[in-house]
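Overview (structure and organization)
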Amino acid sequence: MNDLKRLVRSNIWDLIPYSSAREEYNGSGDVFLDANENPFGTLNRYPDPVQKELKQQLASRKNVNVNQIFIGNGSDEIIDLVFRIFCNPGSDKALTFSPTYGMYNVSATMNDVELMEVPLTENFQIDSNNLSFFEDPKLKLVFICSPNNPTGNLINPDEISLILNKFNGIVVLDEAYIDFSNSESWSQQLNRFPNLIVLQTFSKAHGLASARVGVAYADIELIALLNKVKPPYNVSALNQQAALQSLNRRNEYETNIELILNQRNILSIELEKLNCVKRVYPSDANFLLVEFVDSKEVYEQLLASKIVVRNRDMVVSGCLRITVGTVDENKQLLKVLTNWKN
């Protein structure tokens, strides 16, 4: 990217990154006296700071270069690092399309960066006729969540392409739910778009939410910047191993995806039949956005039955976001909703 230096904060561009003991020595050894570790125990050694084995597995499966992969402590760490790399506090701006994932706003606020929020259309799509904000010279980042959270839909790829071509800054495309859609990942377009960062996660489709393993795919220069500013040992050995084991359980992964998609379809059909439901929005994710006759009352009734869903009324009026659960969990949900006000 010819303009990369212009986009990066000057102190980050000039930063000499911390070099950990394990990064300085890449060979094999029997006696390790370099990192001030306790010599006793089974978890006494620092983890691989560059997650070499995990990146090799992902590179093979995702058809990208190892140097185009960054592993984070969840996608949230990567979002925060992107703000710190590109946005000068109190000066630069970022943009997203609302309603969307709330951590973009939280990270922007923590980094003292103004987040411009452009409303999606009634169909939760980007309005290509409303892109004049890209002319703002202080705008450094654009965040797009696809499939979007909390609406569940994929964003039109033509609109994403238009932004990638039009915007002279960094576009972060959050694909946390891509495994539940029939769409190809934008990680396959990295060579076309050097300003693109694609986020994915092991939290959703791989069922590793407690492990906190996020992934960024991007141009080699962008990945180098992320590596430059990350903490030296940002992903534990236990979490790296959990991600590797998940990748090696391909049959289990595919079976679970099939079950979730089947249950998503059944849940959507059954919810549409209920008197308390006004609308079930189409979903390309592992959840449904549902508009209710009285979302507050339904939410309270579900809580009284010890069923927890996400109240999204503040961002999409009258709506609750419902994760697709197991067959039994979904049946419990439908039973309570069927008896609403009975």
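Heads up: these notes are all about the structure in this document. Computed from a predicted model, the values in this text were never measured in an experiment. (Residues numbered from 1 in each chain as written. Predicted model: local features only at pLDDT ≥ 70, side-chain atom pairs only at ≥ 80, totals over all residues. Heavy atoms only, no water.)

1. Points about the packing of helix α4 (residues 52-62) against helix α9 (residues 237-247)
- Close contact between α4 and α9 brings their axes to 9 Å; oriented N to C, the two are set at 30 degrees. Judged by the angle between their axes, α4 and α9 are roughly parallel. The way α4 lies across α9 gives a crossing that is left-handed. Seen from α4, the contacting residues are Glu53, Leu54, Gln57, Leu58 and Arg61; seen from α9, they are Ala243, Leu244 and Leu247.
- Tallied by class, the residues present in the contact of α4 with α9 amount to 5 nonpolar, 1 polar and 2 charged. (Axes fitted to C-alpha atoms, helices over the stretch in contact; angles between N-to-C directions. Helix = DSSP H or I, 4+ residues; strand = E, 2+ residues; numbered from the N terminus. Parallel < 35°, antiparallel > 145°, perpendicular 65-115°, else oblique. Left-handed = near helix turned anticlockwise from the far one by under 90°. Contact = heavy atoms within 4.5 Å. Nonpolar A, V, L, I, M, F, W, Y, C, P; charged D, E, K, R; others polar.)

2. Here we look at the sheet that holds strand β5 (residues 170-174)
- Pairing is mixed in the open sheet, where 7 strands are placed in the order β1-β7-β6-β5-β4-β2-β3. Bordering the open sheet on either side are β1 (69-72) and β3 (114-119), each of which pairs with just one other strand. Pairs of neighbouring strands in the sheet enclose a mean axial angle of 25 degrees, with direction left out of account.
- By the bridge criterion, 4 bridges tie β5 to strand β6 (residues 196-201) in an arrangement that is parallel. In the sheet register, Leu173 faces β6, and the bridge partner there is Val198. (Pairing = 2+ DSSP bridges.)

3. Observations concerning α9
- Every buried residue belonging to α9 is among Asn239, Gln240, Ala242, Ala243, Leu244, Ser246 and Leu247, and all of these are buried.
- Summarising the contacts, the buried residues of α9 are in contact with α4 and α10 (250-272). (Buried < 20%, exposed > 50% of the residue type's maximum accessible area, 1.4 Å probe, protein only.)

4. Let's talk about the environment of Leu288
- Mapped onto the fold, Leu288 is located in strand β9 (residues 287-292).
- Among the residues examined, Leu288 registers a relative accessible area of 2% and is labelled buried.
- In the structure, Leu288 is positioned 31 residues away from Cys319 in sequence and 9.9 Å away in space, judged by C-alpha atoms.
- Ignoring anything within four residues of it in the chain, the contact list for Leu288 reads Arg264, Leu267, Ser268, Leu271, Val280, Tyr281, Ser283, Leu320, Arg321 and Ile322.

5. Structural notes on the sheet that holds strand β10 (residues 310-311)
- In spatial order, the strands read β8-β9-β11-β10; together these 4 strands make up an open sheet with antiparallel pairing. Two strands bound the open sheet, and with one partner strand each, they are β8 (277-280) and β10.
- Pairing of β9 with strand β11 (residues 319-323) involves 5 bridges; the strand directions are antiparallel. Looking at β11, one finds that Glu291 is bridged to Cys319.
- Contacts from α10 reach β8, β9 and β11 within the one sheet, and its direction differs from that of β9 by about 5 degrees.

6. A look at the nonpolar core
- In terms of nonpolar packing, the biggest core is built from 46 residues, with Leu54, Leu58, Phe97, Val142, Ile144, Ile163 and Phe202 touching the most fellow members.
- Per element, the largest residue contribution to this core is 4 residues, and it comes from α9.
- Those residues within four positions of Ile144 in sequence are excluded, and the remaining contacts are Phe97, Ile126, Ile155, Ile160, Ile163, Val171, Val172, Leu173 and Asp174.
- If you look at the next biggest cluster of nonpolar residues, it comprises 32 residues, including Val8, Leu81, Cys145 and Ile197. (Core = buried A, V, L, I, M, F, W, Y, C linked by side-chain atoms within 4.5 Å.)

7. Brief notes about the pairing of β9
- In terms of burial, β9 is a largely internal element, 6 of the 6 residues being buried.
- Linking β8 back to β9 in an antiparallel pair, the connection comprises 6 residues.

All we've got here are geometric facts, nothing functional implied.
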